[in-house]
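One letter stands for each residue in the lines below.
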Amino acid sequence: MTEIKNVLILGAGTLGSRIGLQAAISNYNVVVYDIHERALQQSLKVMEKVLKYAAKVRMVNEEDKPQILSRIKFTTNAHNAVKDADIISESVTEEPSIKEKVWKQFGELAPAKTIFTTNTSYLLPSQFATISGRPEKFCAFHFHDVFTARVVDIMPHPGTHPDIIPLLFDFGKRLNQVPVLVKKESPGYIFNFMLMALIGAAGRLKTRDIGSIEDIDKSWMVNFNMPMGPFGILDNIGLDTAWHVTKDRDDGASKSFATLLKAYVDQGKLGEKSGEGFYKYPNPAYKDSDFLTR
Ligand SMILES: NC(=O)c1ccc[n+]([C@@H]2O[C@H](COP(=O)([O-])OP(=O)(O)OC[C@H]3O[C@@H](n4cnc5c(N)ncnc54)[C@H](O)[C@@H]3O)[C@@H](O)[C@H]2O)c1
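Sequence order as written defines the numbering, with residues in each chain counted from 1. Per-residue local features of the predicted model are confined to residues with pLDDT of at least 70, and side-chain atom pairs are confined, for both listing and counting, to 80 or more; whole-chain, interface and lining totals are unaffected and use all residues. Side-chain calculation: all heavy atoms of the structure are included, whereas hydrogens and water are not.

Proximity criterion: a residue is near a molecule or strand once any of its heavy atoms comes within 4 Å of it. Around the ligand sit 23 residues, and of these Leu15, Asp34, Glu94, Lys99 and Ser121 come closest. Asp34 places a side-chain nitrogen or oxygen 2.7 Å from an oxygen atom of the ligand. Each polar contact in these results corresponds to two N or O atoms within 3.5 Å; when the atoms are within protein, one needs to be able to donate a hydrogen and the other to accept it, and residues that are neighboring in sequence are counted only if both atoms are side-chain atoms. Interatomic distance of 3.2 Å between a side-chain N/O atom of Asn119 and an oxygen atom of the ligand. Note on areas: Shrake-Rupley with a 1.4 Å probe; residue coverage comes only from the protein chains shown. When the ligand sits alone it has 830 Å² of accessible area, and the protein chains cover 76% of it. Elements are defined by DSSP. Helices are runs of H or I of four residues or more, strands are runs of E of two residues or more, and each kind is numbered from the N terminus. Of all the secondary structure elements, the ones that give two or more residues to the shell around the ligand are helix 1 (14-25) and helix 5 (96-109). Counting residues per element, the shell around the ligand draws most heavily on helix 5, at three residues. Lys, Arg, Asp and Glu make up the charged group, whereas Ala, Val, Leu, Ile, Met, Phe, Trp, Tyr, Cys and Pro make up the nonpolar group; the residues left over, Gly among them, are polar. Residue composition of the shell around the ligand, by class: nine nonpolar, eleven polar and three charged.

To continue, consider unusual backbone geometry. Trans peptide bonds make up the majority, and among non-glycine residues the majority have a negative phi. Cis rather than trans, the peptide bond between Tyr281 and Pro282 has omega equal to 20°. Tracing the backbone shows Pro282 in the segment after helix 12 (252-266). Located in the positive-phi region is Val146, a residue other than glycine, with phi close to 80°. Tracing the sequence through the fold places Val146 in the loop between strand 6 (138-142) and strand 7 (151-156).

To continue, consider the domain arrangement of the chain. Each domain's extent is set by a domain assignment, obtained either automatically or from a database. With domains assigned, the chain is organised as domain 1 (6-181) and domain 2 (191-287). The straight-line distance from the C-alpha centre of domain 1 to that of domain 2 is 29 Å. Any pair of residues with heavy atoms lying within 4.5 Å of one another is described as a contacting pair. Facing the four residues of domain 1 at the interface are four residues of domain 2. Roughly 350 Å² of surface becomes buried between domain 1 and domain 2 when both sides are summed, with 59% attributable to carbon and sulfur atoms. The term salt bridge refers to a pairing of a side-chain nitrogen on Lys or Arg with a carboxyl oxygen on Asp or Glu at a separation within 4 Å. In this assembly, domain 1 and domain 2 are joined by zero salt bridges. Where domain 1 touches domain 2, the interface holds zero residue pairs in polar contact (both at pLDDT 80 or more). Once two parts are brought into contact, the accessible area they lose, counted with a 1.4 Å probe and summed over both, makes up the buried area.

With that settled, consider a nonpolar patch on the surface. Patches here: salt-bridge-free residues with over 30% relative accessible area, like charges joined within 9 Å, nonpolar side chains (Val, Leu, Ile, Met, Phe, Trp, Tyr) joined within 5 Å. Side chains of Tyr53, Val57 and Met59 sit close together on the surface and give an oily, nonpolar patch of about 240 Å² of accessible area. Looking at where Tyr53 falls in the secondary structure, it is placed in helix 2 (residues 37-56).

Glancing now at the layout of surface pockets. Only protein atoms enter the 1 Å grid used here. Points where a 1.4 Å probe fits but cannot escape make up a cavity, open sets with protein on both sides within 12 Å along at least five of seven lines make up a pocket, and a residue lines them when an atom lies within 4 Å of a point. Grid points are joined across faces, edges and corners, and a volume is the space filled by probe spheres set on the points. The calculated volume of the second largest pocket comes to roughly 210 Å³. Broken down by secondary-structure element, the contributors of at least two residues to the lining of the second largest pocket are helix 1 and helix 2. With four residues, the top contributor of residues to the lining of the second largest pocket is helix 2. Here the lining of the second largest pocket is composed, by residue class, of three nonpolar, two polar and three charged.

Moving on, we come to the environment of Pro156. Along the chain, the position of Pro156 falls in strand 7. Through-space distance from the C-alpha of Pro156 to that of Pro284 is 39 Å; in sequence the pair is 128 residues apart.

A few words now on the sheet that holds strand 3 (residues 72-75). Overall, mixed pairing links the eight strands, which are arranged 3-2-1-4-5-6-7-8 in an open sheet. In this open sheet, the two strands that pair with only one neighbour each are strand 3 and strand 8 (178-181). Strand-to-strand twist across the sheet, computed as the mean angle between neighbouring axes with direction ignored, equals 25°. Criterion used throughout: strands pair if DSSP finds at least two bridges between them. When strand 6 meets strand 7, the two strands line up antiparallel, connected through four bridges. Bridge pairing links Ala140 to Met155 in strand 7. Working convention: axes come from line fits to C-alpha atoms, limited for helices to the stretch in contact. Angles between N-to-C directions cover 0 to 180 degrees. Each of strand 1 (6-10), strand 2 (29-33), strand 3 and strand 4 (87-90) is contacted by helix 1, which is oriented at about 170° to strand 1, the strand it contacts most.

As C-alpha cells, this is what we get:
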C-alpha cells in the first residue's frame, strides 16, 4: 500500500482549509484545489487565522509557521493538483451532483496509487465509489472541526479494500485526530448521529412547549458540565444548515422543528454567523457568568 506523503484537498472551504492546514502541520506536502480562485485566496486567510490560534495554544511553534505554510500549494488546475497525490481528501459542497462530478473527474485524472476519501457529513461513500472508478480505494474519512473537535470517522462502504482501514487509522493519528471505525455505512457516522438525537429531542421539547430554550440548554449544561446546550450548538452549526438536514424528514416532530427553524432562517437569524439565532452574538446569554443561576 501507498506510503502517504502527498495530500490533495478538493474544496478550499471551511473544512478543506482546516484539513489542509493540519496535514501541513503534520509534515505532509499539501495541494489545495478549488474551482474558484477566490476560494483559494480565502483559504489561505483562514489557514493563517487558524495557525495563529494554533500557535497561541502552543499546538505549533510560532517560528514554524512560515515553514508550515510553505508546504501548502493552491491551484485551480486539476491535472497538476492530482499528479503526485497519494491520497485525496474531498471537501467540496455537500451536494450529491457536485460530489459525483468531482469524483468522476478525479477518478479519471488520478494516478493508480491514489486513495480516495470523502469528508461528506450525511451522504454515504457508496454513492460515489463506483463513479470514482476505484471503489476498492474509496472510503469516507470524516472530520469534525479538526483543531478542537478531533474525532475522525473512518467509514468504509461494502466494496472498500480492508487494507485501506489501517492506513487511514495511521493517517488520522498523524493528523492529530482520534480515529473511530464506523463498521457499517450509516448517515451521520457516530458523533453526528448522536448529536442529531440530542438536537431532535431538544427541538421536540421546545415545539411541544415543554421547556424554554434557556431551560433546555441549562439542563444539558449543568448536568454534563458543558459550555453550551443544544440550542447553543444549533447556533454554532448554523440554523440554515440545521433546517436543510431536518426539513426532509418524514416524522411530525421533525416537521414541527423544521418549521421553527425556518421561521428563524426567514428572518435572517442563522445563528452565530449572522449575529443572531436562538441567542445574540458575540456575547450569547449562555456564556453569561450567571446564566445557570438566574
Ligand atoms: N462545515 C463543517 O462544519 C463540516 C464538518 C465536517 C464535514 N463537512 C463536510 O465537508 C464538505 C465541505 O463543507 P464546507 O463547510 O467546507 O463547505 P464550503 O462551502 O465552505 O466549501 C466547499 C468548497 O467546495 C468548492 N467547490 C464546489 N464545487 C467544486 C468543484 N467542482 N471542484 C472543486 N471545488 C469545488 C467551493 O468553491 C467551496 O470552496 C461537505 O461535504 C460537508 O458536509 C463540513
